[in-house]
Each structure stands twice: as C-alpha cells, then as structure tokens.
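Listed below are the residues making up each chain.
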Amino acid sequence: MENNIREKKFISVVIYLHDVQEYLRSFLDTVIPACEENFEQFEIVCVDDACQDHTMDVLKKYVEEHEVKAVVSIVHMSFFQGVESSMNCGRDAAIGDFVYEFDDIYVDYDARIIREVYDRLLAGNDIVAASSKGKMQFTSKIFYALYNQTSRGNGKIGPETFRIVSRRAINRIKSMGQYVPYRKAVYANCGLRMDTVLYESRHLMVRKRNKEVSPERTALAMDSFIYFTNVLERISAVISALFLGLTVGMGIYIILDMFNSRKPVEGWLSTMGFLALGFFGVFTLLTIILKYLSVMLNLIFRQQRYMVADVEKVVKE
Amino acid sequence: MKRHYDKIIIGAGLYGMYAADFCARRGQSVLVLEYDRAPFQRATYVNQARVHMGYHYPRSLTTALKSAGYFRRFVEDFSFCIYDSFEQVYATSDKFSWTNAGQFQTFCKEAGIRCEEMPVSRYFADGMCDGAFLTEEYTYDAAILGKYFLERLEADSHVTLQFGVRIERIIKQNSRFLVVMQTGEEYEAPFVLNASYASVNQVIDRVEGIPKSMFAIKYELCEIILCRPSPPLQKVGITVMDGPFFSIMPFGRTGLHSLTAVTFTPHMTSYEEKPVFHCQRGFDEDEGRCSPGQLGNCNECAHRPASAWPYMSHLADKYLRPEYAYTYEKSLYSMKPILKSSEVDDSRPTAIAVMSEHPTFISVLSGKINTVYDLDAFLAGETE
C-alpha cells in the first residue's frame with residue numbers, strides 16, 4: 001500500500017448524518033483510511049440533519065482519537081430537512097474538485113469500491129455511482145420501473161449506495177436551477193456522462209430503517225414523480241380524454257335523437273345538449289390549468305430550500 | 001543593581017512600540033522587554049495587514065463606528081507604511097452567510113462607510129455571491145512600520161530596548177513592580193504594561209502580589225498564506241463575508257497577497273487559560289522554547305503544521321473567476337488569542353485590563369492594529 005501513488009486532486013467527502021450513532025464508527029473506519037490511502041488532499045463535510053442522538057459526539061471523538069489529518073467540518077441544519085435538502089447543502093459547502101456523496105453511511109461494500117468509482121470518473125464520466133447487486137426492496141423496484149418508464153429525461157436511475165460527482169457536473173446542475181429536489185434525477189438529466197459501479201453486497205441483512213427517514217423517502221418518491229416524470233400529466237390527460245370522449249359521444253347521441261322519429265321527454269334534448277357542452281368546456285379548462293401548474297412548479301424550483309444553523313470545524317488541540 | 005524606569009513595557013509588537021513612543025515623547029524613561037530578537041516578529045507582522053474600517057462587524061455597529069474613526073487617524077499617522085492603491089471588494093456569499101447583500105449595504109450606510117455596488121460577475125463565479133461592493137480599506141506594511149519604530153526608539157535616549165530577553169518573574173513591592181530576568185538582572189518601575197498579545201496570560205501568571213485574573217481567551221494557531229497574484233488580481237483585494245469564507249488582499253507594500261480563510265487559517269485550538277498544544281510536546285523543553293508557560297515563535301518553529309494551502313486555494317478558486325489567479329509563495333504562522341466574549345456579536349476587539357493601581361499593572365489584548373489609540377488614556381493618566 002505504501003507505494004500506491006496518491007492522487008493530487010482535491011477530494012470532498014460529503015456525509016449525511018441523521019441519528020446514526022451505531023453505524024458512524026464503522027463507516028469512518030472504512031472511508032477515512034481509504035481516502036488517506038488514495039488521496040493526498042481531502043476534506044470531510046458532515047451534514048448534521050438535526051441529530052438527536054450522540055452521532056455528533058461519536059464523530060468528534062473519532063476525529064480526536066484517530067488524529068484525522070483532513071479538515072472535518074460539520075454543517076448543522078436548523079431542523080430536520082431530509083436527505084436531499086441536507087446533501088444539497090453539504091455539496092454547496094464542499095470545495096473539492098470531486099465530491100463524494102454518501103447519503104447513507106451503512107457500509108456493505110469493500111473499501112476498494114471508493115477508489116474504483118474515482119477511477120471510473122477519471123475515465124471520462126462526470127457522475128459515477130456505486131450500486132449494490134443485491135436484492136432491491138419491492139417498493140424500490142416498482143418506483144424505479146415506473147420512474148424510468150415515465151421520466152421526461154433520457155437518464156435512467158437505479159438504486160445507489162454512494163456516488164462521486166465532478167465539479168463540472170455540480171456547476172451544470174447549478175446552472176439548471178437553484179433547487180435540486182432529487183439529486184439522482186437531476187444528475188441523470190444533466191446531460192453529462194454517467195456510470196455505475198456494481199458491487200456484491202457483503203451483508204444480506206437489511207439495515208434498520210430510521211423512523212423519520214422512511215416516510216421522508218416515501219414522500220420524496222411521490223414528489224419525484226411530479227417533478228421529473230409526466231405520469232400525473234398522462235393520467236390527467238387520459239381522464240380528460242375519456243370524459244371528453246364521453247361528452248362528444250353524448251353530443252352525437254343527442255343529434256341522432258333530434259332526427260329520430262322517437263320523441264323523448266320535453267326539454268331532454270336542450271338540457272343534455274347544455275350539459276354536454278358545459279362539461280366539454282370544463283375538461284378543456286382543466287387541461288389548461290394542469291399545464292399552468294406544471295409551469296409554476298418549474299418556477300418554484302428556483303428557490304433555495306434549506307436552512308442552516310451553523311457551519312463548524314472540528315477543532316484539533 | 002536595580003535599574004529604575006518610569007514604565008516597563010513587555011512586548012515589542014505594535015502596541016508595545018506605540019506605547020514606548022507615546023511615553024518617551026512625554027519625557028518618561030521606558031524599558032521595552034521583548035522575547036524575540038527583533039520587534040514585530042509575531043502577530044503585528046503575521047496577520048492580514050488590514051487597516052480595519054469596520055466592514056468586518058456587520059453584527060456590531062458600535063464596533064464598526066469606532067473602527068472607522070480610528071482608521072482615519074491611523075492612516076494619517078502612519079501614511080508611510082500604508083498601501084491604498086487597490087480596489088478593496090467585499091462580497092456577501094450567496095450561501096451560508098449570516099449577512100446578505102441588502103443587510104450589508106444597510107449596515108454600511110448606518111456606519112457611514114463607503115459601499116458602492118459592483119457587478120458580482122466581474123469577480124465571482126456564477127451564483128457564488130449575492131452582492132459585491134467596492135469599499136475603502138487599506139493595508140499596512142509591518143516591515144516598514146517596524147523599521148520606523150525601531151529607528152525612532154533607538155535614537156531616543158529615554159528608551160531602552162532589550163531583545164531576546166527572558167522574564168523570570170514580576171513582583172509587586174510597595175509602589176513598584178520589580179521585574180526579575182532569567183539572567184538575574186532586575187528592573188523596577190511604578191508602571192508595567194503587558195502588551196504581549198498571545199502571551200498575555202503567561203505574563204500575568206508570572207506576576208506575584210496581584211490577583212491573577214486571566215483573560216478569558218481561546219488560542220488559535222493561525223496560518224497566513226502569502227501568494228503572488230496574477231496581473232488582474234494585483235490591484236484587487238477580495239473579502240467574502242459573513243461566515244466560513246476567505247480573503248485575498250495585498251499584504252502591505254510587498255507586492256504579495258495574503259490569503260486567509262475563516263475555516264482553514266486556524267490549525268489548532270486550545271481552550272485552556274494558557275496555550276496548550278500537542279506540538280509543544282517534546283520540543284526543546286530544557287531550553288523552554290515553547291510551552292504552556294512560554295510561547296515560542298510559531299513562525300520559526302520546526303513543528304509548525306503543514307500548510308492548509310490546498311484547502312484555502314480550493315475555497316477561493318470555487319468563488320473567484322479564473323483570471324484572478326495566484327501562486328503559493330510561503331506561509332506565516334502565529335498564535336492568535338481570541339476573547340471568548342467577542343465571538344457572538346463581533347464586539348470588543350480590544351480589551352484593556354487594569355490589574356493593579358499604584359503601582360500600575362495594565363494588560364492589553366487587541367486583534368486590530370488601528371485600535372492602538374485605545375491605550376492613550378491609560379498611558380497618559382499615569383504620569384509621575
């Protein structure tokens with residue numbers, strides 16, 4: 001290992017932390033030696049998404065005990081804001097040429113993967129993800145299948161354990177809009193080259209899910225459909241078309257009735273004619289409103305969406 | 001043989017040399033005791049060399065107003081060491097800043113200091129800052145200022161300068177303070193000024209006969225990087241506010257720029273009363289060169305930390321347009337004491353504590369050069 005040539009590029013490691021005191025130590029034991037071995041210069045940016053447990057104490061103690069050479073800074077979020085907002089914030093704080101994003105600190109991969117994604121990046125990609133070959137959760141499977149079916153962009157997404165992105169990719173997504181609701185999707189749509197490193201998961205056990213994080217991920221999955229896919233637009237279009245068809249059918253039926261010898265109840269023709277016309281108008285209007293809403297959605301995209309309490313550097317004595 | 005003086009001043013930084021000059025001009029005999037071999041070897045030299053106008057205190061208007069007042073006086077008194085022909089640009093970071101562009105402008109208006117809006121894109125990369133302002137702020141050249149004071153005081157028969165000397169202890173005796181040197185020499189005076197900055201508590205600790213009320217400070221071992229600016233950067237100084245950002249600005253008249261970053265300039269921190277750092281361990285302890293009881297000069301120390309250049313330069317590069325380039329020249333290190341009470345609202349850059357009267361023992365601690373005039377009232381009030 002000693003003769004390993006260390007890379008000169010400056011690397012930022014951004015880590016999402018939310019009540020993960022059990023996993024933090026083993027994560028740092030994997031990632032920090034891997035970085036020290038491979039990179040001459042790196043920093044660690046920890047995003048503290050309002051941790052309520054001892055995660056921060058574990059972190060500070062670890063830095064002190066192991067005399068970590070790299071600068072370790074902590075971005076404290078004002079209140080729980082979820083992984084996407086928090087990681088956007090952490091990435092904004094990072095100064096590296098390349099930025100590792102660890103959304104989850106559960107380690108089920110070999111430390112070599114950390115180097116492998118970097119090498120893959122240098123081979124001409126701007127975003128490289130590490131992904132487990134292991135079994136996906138059923139709900140995740142449905143999500144990705146449906147998402148990739150209906151996504152507006154060309155990029156296909158899948159489950160990712162962590163990723164590395166180039167400064168170029170970060171600049172690109174920034175120029176696409178301030179607010180990044182779902183990084184994976186934005187990276188996939190930014191038009192730069194992406195790649196994935198698949199690895200064999202070392203553990204088959206499913207890690208404990210955080211009570212707060214799970215519903216947040218579910219909500220994000222739902223939101224992502226609205227942000228990045230046209231699934232709702234399609235559904236509403238189908239419904240509109242269906243009812244439009246029914247209305248037109250009704251119109252035809254009424255016209256046929258007029259020329260028919262059979263006389264319906266007095267006033268039936270005019271009432272139904274009016275109703276058919278009215279509903280036609282309503283559905284046309286709804287389609288227009290839906291279009292407006294999607295435009296407004298894009299405008300809201302541009303707002304900054306996270307609140308920071310403090311940026312702290314872990315001090316060394 | 002005890003030598004008698006009107007005033008004994010400990011430390012030949014700006015505060016000590018200014019005080020010596022101030023008293024000598026009033027006909028008092030002054031002794032200056034300095035640990036290093038020359039004046040201005042530590043914090044007076046190793047800092048951003050900024051003559052503060054008050055822009056740094058958007059959260060404390062009173063400090064800003066005071067700073068602005070002293071700025072004029074300092075620039076007038078020491079014009080020979082001031083460098084002012086460059087554009088000093090302050091910008092507010094778009095993210096992580098405590099102050100936004102609008103608030104900064106309002107603050108400058110209230111403080112009555114210059115603040116002209118500039119196009120952000122002229123200096124900064126896309127989306128990094130939400131406002132850029134042309135301000136009035138200068139830089140001083142510590143080497144020129146030090147030479148001025150040294151020549152002036154050496155020529156003055158009232159002043160005795162001793163460099164490279166070690167104080168053993170200071171004893172209060174009736175109406176005098178007796179300063180005992182490690183060599184056994186003794187000096188006495190009814191007035192002692194402790195202007196040793198980072199060693200302020202270490203000196204207080206050596207005084208016998210007064211209550212040992214130490215300053216509540218934390219210590220930071222700081223690094224200032226000197227770099228050579230590209231032609232577009234030569235006539236520009238840039239400071240990004242208000243949080244974990246950076247500053248790159250001319251360093252006196254040296255032709256170099258100083259680069260500092262709030263996060264990366266401090267390398268190590270000590271929260272003890274007296275500075276305790278692991279780099280002091282096992283380093284020339286017999287000689288007593290650096291210990292919690294006596295700080296050495298970090299800038300000359302073999303155990304100084306590795307440069308944070310990769311960090312600082314990457315931070316600055318992320319903000320600046322590529323034409324504002326610079327190359328590494330060298331690093332300067334010094335110990336910086338920070339008053340704990342001044343952290344939240346930026347207030348009180350200067351603390352002056354009268355620790356004994358008749359005889360008088362005064363300790364001064366200040367991180368800003370142009371507040372040196374705060375000393376006047378204390379020095380003038382104690383003539384014999």
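Note that the structure is predicted; figures quoted are calculated from it, not measured.

Caption draft 1: Broad picture of the overall build of chain B. The helix and strand tally for chain B stands at eight helices and 23 strands. Relative to the compact-globule value of 21 Å for 384 residues, chain B shows a C-alpha radius of gyration of 21 Å, a close match. For chain B, the spread of C-alpha atoms along the principal axes amounts to about 70 × 45 × 35 Å. Counting the 384 residues in chain B, one finds 50% classified as buried. The contacts in chain B between residues at least 6 apart in sequence include a share of 73% that link residues at least 24 apart.

Caption draft 2: Structural view of the domain arrangement of chain A. Here chain A is partitioned into domain 1 (9-229) and domain 2 (231-300). Measuring from the centre of the C-alpha atoms in domain 1 of chain A to the corresponding centre in domain 2 of chain A gives 47 Å.

Caption draft 3: Highlighting the packing of helix 1 (residues 21-38) of chain A against helix 4 (residues 112-122) of chain A. Residue and element names in this part refer to chain A. The contact between helix 1 and helix 4 brings their axes to 9 Å, and the two run at 45 degrees. Taken as axis vectors, helix 1 and helix 4 run oblique relative to one another. Between helix 1 and helix 4 the crossing geometry is right-handed. The segment helix 1 lies against helix 4, with Val31, Ala34 and Asn38 engaging Ile114, Arg115 and Tyr118. Class assignment of the residues belonging to the contact of helix 1 with helix 4 gives a composition of four nonpolar, one polar and one charged.

Caption draft 4: Local environment of the interface of chain B and chain A. Taken residue by residue, the interface counts 18 residues in chain B and 17 residues in chain A. Secondary-structure elements contributing two or more residues to the side of chain B that touches chain A are strand 20 (266-270) and helix 7 (309-319) of chain B. Per element, the largest residue contribution to the side of chain B that touches chain A is five residues, and it comes from helix 7 of chain B.

Caption draft 5: A look at the sheet that holds strand 7 (residues 194-199) of chain A. Residue and element names in this part refer to chain A. Taken in spatial order, the eight strands make up an open sheet running 7-5-6-4-1-2-3-8, and their pairing is mixed. Two strands in the sheet have a free side with no partner beyond their single neighbour: strand 7 and strand 8 (308-313). The sheet shows a mean angle of 20 degrees between the axes of neighbouring strands, taken without regard to direction. Where strand 5 (residues 127-132) meets strand 7, six bridges bridge the pair, whose relative direction is parallel. For isoleucine 127, the partnering residue across the bridge sits in strand 7 and is methionine 194. Lying on the sheet, helix 4 is in contact with strand 4 (98-102), strand 5, strand 6 (162-166) and strand 7; it crosses strand 7 at an angle near 155 degrees. Helix 6 (residues 167-175) rests against strand 4, strand 5 and strand 6 of the sheet, and its axis sits at about 85 degrees to strand 6.

Caption draft 6: Structural detail: the sheet that holds strand 9 (residues 138-140) of chain B. Residues and elements named next belong to chain B. Taken in spatial order, the three strands line up as 4-9-5 in an open sheet, and their pairing is antiparallel. Edge positions in the sheet fall to strand 4 (50-51) and strand 5 (82-83), since each of these pairs with one other strand and no more. Bridging between strand 4 and strand 9 involves two bridges; their strand directions are antiparallel. Following the sheet pairing, arginine 50 is matched in strand 9 by threonine 139.

Caption draft 7: Structural view of the nonpolar core. Val13(A), Val47(A) and Ala91(B) are the most contacted members of the largest nonpolar core, which has 184 residues in total. Residues in contact with Ala91(B), not counting those within four places in the same chain, are Val120(B), Tyr123(B), Phe124(B), Cys129(B), Gly131(B), Ala132(B), Ile238(B), Val240(B) and Met241(B).

Caption draft 8: View of the pairing of strand 13 (residues 186-189) of chain B. All names here are of chain B. One ladder, built from three bridges, connects strand 1 (residues 2-4) with strand 13; its direction is parallel. The residue of strand 13 that forms the bridge with lysine 2 is glutamate 186. With four bridges joining them, strand 12 (residues 176-181) and strand 13 adopt antiparallel strand pairing. Looking across to strand 13, one finds that valine 179 is bridged to tyrosine 187. Here strand 12 hands over to strand 13 after four residues, with glycine 184 in that stretch at a positive phi of 100 degrees.

Caption draft 9: Looking closely at the environment of Leu320(B). All names here are of chain B. Along the chain, leucine 320 falls in the loop between helix 7 and strand 21 (326-339). According to the C-beta neighbour criterion, leucine 320 is buried, with 21 such atoms within 10 Å. A sequence separation of 199 residues divides leucine 320 from serine 121, and the C-alpha atoms of the two residues are 9.4 Å apart. Ignoring any residue separated from it by four or fewer positions in sequence, one finds leucine 320 in contact with Tyr123, Phe124, Ala125 and Ile238.

Caption draft 10: Structural view of helix 4 (residues 142-154) of chain B. All names here are of chain B. The end-to-end C-alpha separation of helix 4 is 18 Å, in line with the 18 Å expected for 13 residues at 1.5 Å each. Every buried residue belonging to helix 4 is among Ala142, Leu145, Gly146, Phe149 and Leu153, and all of these are buried. End-on, the buried residues of helix 4 take up no more than an arc of 100 degrees, which puts them together on one face. Summarising the geometry of helix 4, the exposed residues directed more than 90 degrees from the buried face are Glu151 and Glu154. Its buried side turned inward, helix 4 meets helix 1 (14-24), strand 9 and strand 10 (159-162).

Caption draft 11: Local environment of the packing of helix 1 of chain B against helix 4 of chain B. All names here are of chain B. At a minimum axis separation of 10 Å, helix 1 and helix 4 run at an interaxial angle of 35 degrees. Seen along the crossing, helix 1 lies across helix 4 with a hand that is left-handed. Only Phe149, Arg152 and Leu153 of helix 4 make contact with helix 1, whose side of the interface consists of Met17, Ala20, Asp21 and Ala24. Classifying every residue of the contact of helix 1 with helix 4 by side-chain character gives five nonpolar, no polar and two charged.

Caption draft 12: Representation of the confidence of the model for chain A within the structure. On average, residues of chain A score 82 in pLDDT, and 89% of them reach the 70 mark or higher. Between the elements of chain A, mean pLDDT differs from a low of 76, seen in strand 8 of chain A, to a high of 95, seen in strand 4 of chain A.

Caption draft 13: Main features of the environment of Arg6(A). On the secondary structure map, Arg6(A) appears in the segment before strand 1 (7-17). For the pair Arg6(A) and Glu37(A), spaced 31 residues apart in sequence, the C-alpha separation works out to 6.7 Å.

Caption draft 14: The arrangement of the environment of Thr99(B) in detail. Residue and element names in this part refer to chain B. Relative to the elements of secondary structure, threonine 99 occurs in the loop between strand 6 (87-93) and helix 3 (101-111). Given 18 C-beta atoms within 10 Å, threonine 99 falls into the partly exposed group. Sequence separation between threonine 99 and proline 58 is 41 residues, and the spatial gap between their C-alpha atoms is 7.5 Å. Discounting chain neighbours no more than four positions away, the residues touching threonine 99 are Pro58, Thr92, Phe104, Met241 and Asp242.

Caption draft 15: Local environment of the confidence of the model for chain B. Mean pLDDT over chain B stands at 91; residues scoring 70 or higher make up 95%. We note a pTM of 0.82 for the whole complex and an ipTM of 0.77 for its interfaces.

What counts and what doesn't
- Residues numbered from 1 in each chain as written.
- Chains lettered and ligands numbered in written order.
- Predicted model: local features only at pLDDT ≥ 70, side-chain atom pairs only at ≥ 80, totals over all residues.
- Helix = DSSP H or I, 4+ residues; strand = E, 2+ residues; numbered from the N terminus.
- Rg over C-alpha atoms; globule rule 2.2 N^0.38 Å.
- Buried ≥ 20, exposed ≤ 12 C-beta atoms within 10 Å, placed from the backbone.
- Contact = placed C-beta atoms within 7 Å.
- Domains from an automatic or database assignment.
- Axes fitted to C-alpha atoms, helices over the stretch in contact; angles between N-to-C directions.
- Parallel < 35°, antiparallel > 145°, perpendicular 65-115°, else oblique.
- Left-handed = near helix turned anticlockwise from the far one by under 90°.
- Nonpolar A, V, L, I, M, F, W, Y, C, P; charged D, E, K, R; others polar.
- Pairing = 2+ DSSP bridges.
- Core = buried A, V, L, I, M, F, W, Y, C linked by C-beta atoms within 7 Å.
- Expected span 1.5 Å × (residues − 1).
- Arc of directions from axis to C-beta.
- pLDDT = per-residue confidence, 0-100.

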